[in-house]
Amino acid sequence: MLSSYLETDETTARAALRACSQMEEIVFGLALHCHILKRGLSVSVSVATALLTMYADFGVGIQIMQSTHSNRWNWQMRMLMKSLFKLGLVSQGKALFDRIECKDVICWSSMINGYGMNGCGEKALEAFSKMLKQPGLQPNDVVFISVLYACRHCGLVSQGLKWFSCMEKKYGVVPTLEHYACMVDLLS
């Protein structure tokens, strides 16, 4: 399908993704995912669900996150984005993030965390700065854990100290044990 001139529709994409899962062909699954993105089929909820299932079958842990402020589509996109980052597919995760129309705090936190876990600390902090400029979005404790994790993982000590010191003063986020653990790791 990928090397021929066959037209790919949602039904074909879902069937091919299922086949990749059953045959445990992650390379073909990733190639198919790229093909789906190029064709614009990722806007379909059914295709996004098939992608999530395929990545889960490959052993990419997916946490179920519930948010009353997001619809089912954004939830699926966030889960797929997290899966891509866990596979080290940073540019694909970013491309998916860019396609999410209504980015909430959870989306931004996933993006920041994805950059951090892949050693892109500066990009994580850039994403955080962009999030702070979005009207109506206020960083919460999870966002700050993502920021501090990125600083810790990438050795950005001064930036980590800066954000830790202002999270309660400027944003009203009281540090938790997880925040302090990130700071201990950052300074050790």
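Residues numbered from 1 in each chain as written. Predicted model: local features only at pLDDT ≥ 70, side-chain atom pairs only at ≥ 80, totals over all residues. Heavy atoms only, no water.

Caption draft 1: Region of interest: the packing of aromatic side chains. Under the criterion given, the structure shown has six aromatic pairs. Ring centres of Phe128 and Phe144 lie 5.5 Å apart, and the angle between their planes is 70°; this geometry places the pair in the edge-to-face category. With Phe128 in helix α7 (residues 121–132) and Phe144 in helix α8 (residues 141–154), this pair connects stretches of sequence that are 16 residues apart. Judged by relative accessible area, Phe128 falls into the buried class, the value being 0%. Judged by centre distance (5.4 Å) and plane angle (70°), the ring pair of Phe164 and Tyr180 falls under edge-to-face. Within this pair, whereas Phe164 is found in helix α9 (residues 157–169), its partner Tyr180 is found in helix α10 (residues 177–187), the two being separated by 16 residues in sequence. Its relative accessible area of 18% is what places Phe164 among the buried residues. Classification of Tyr180 by relative accessible area gives partly exposed; the value is 44%. Here the aromatic cluster, defined as three or more aromatic residues joined through ring pairs, consists of Phe128, Phe144, Trp163 and Tyr171. Its guanidinium or amino end placed over the ring of Phe97, Lys103 lies 5.0 Å from that ring's centre, counting from NZ or CZ. (Phe/Tyr/Trp six-rings, centres within 6.5 Å; stacked < 30°, edge-to-face > 60°. Helix = DSSP H or I, 4+ residues; strand = E, 2+ residues; numbered from the N terminus. Buried < 20%, exposed > 50% of the residue type's maximum accessible area, 1.4 Å probe, protein only. Lys NZ or Arg CZ within 6 Å of the ring centre and 35° of its normal.)

Caption draft 2: Summary view of the pattern of salt bridges. Under the definition given, this model contains two salt bridges. Here Asp98 ties to Lys94 by a salt bridge, and the two come within 2.6 Å at their closest N and O atoms. Remark: Lys94 and Asp98 occur in helix α5 (residues 90–99); sequence separation between them is four residues, near one turn of the helix. By relative accessible area, Asp98 is classed as partly exposed at 44%. Relative accessible area serves as the criterion here: at 26%, Lys94 is assigned to the partly exposed category. (Salt bridge = Lys/Arg side-chain N within 4 Å of Asp/Glu carboxyl O.)

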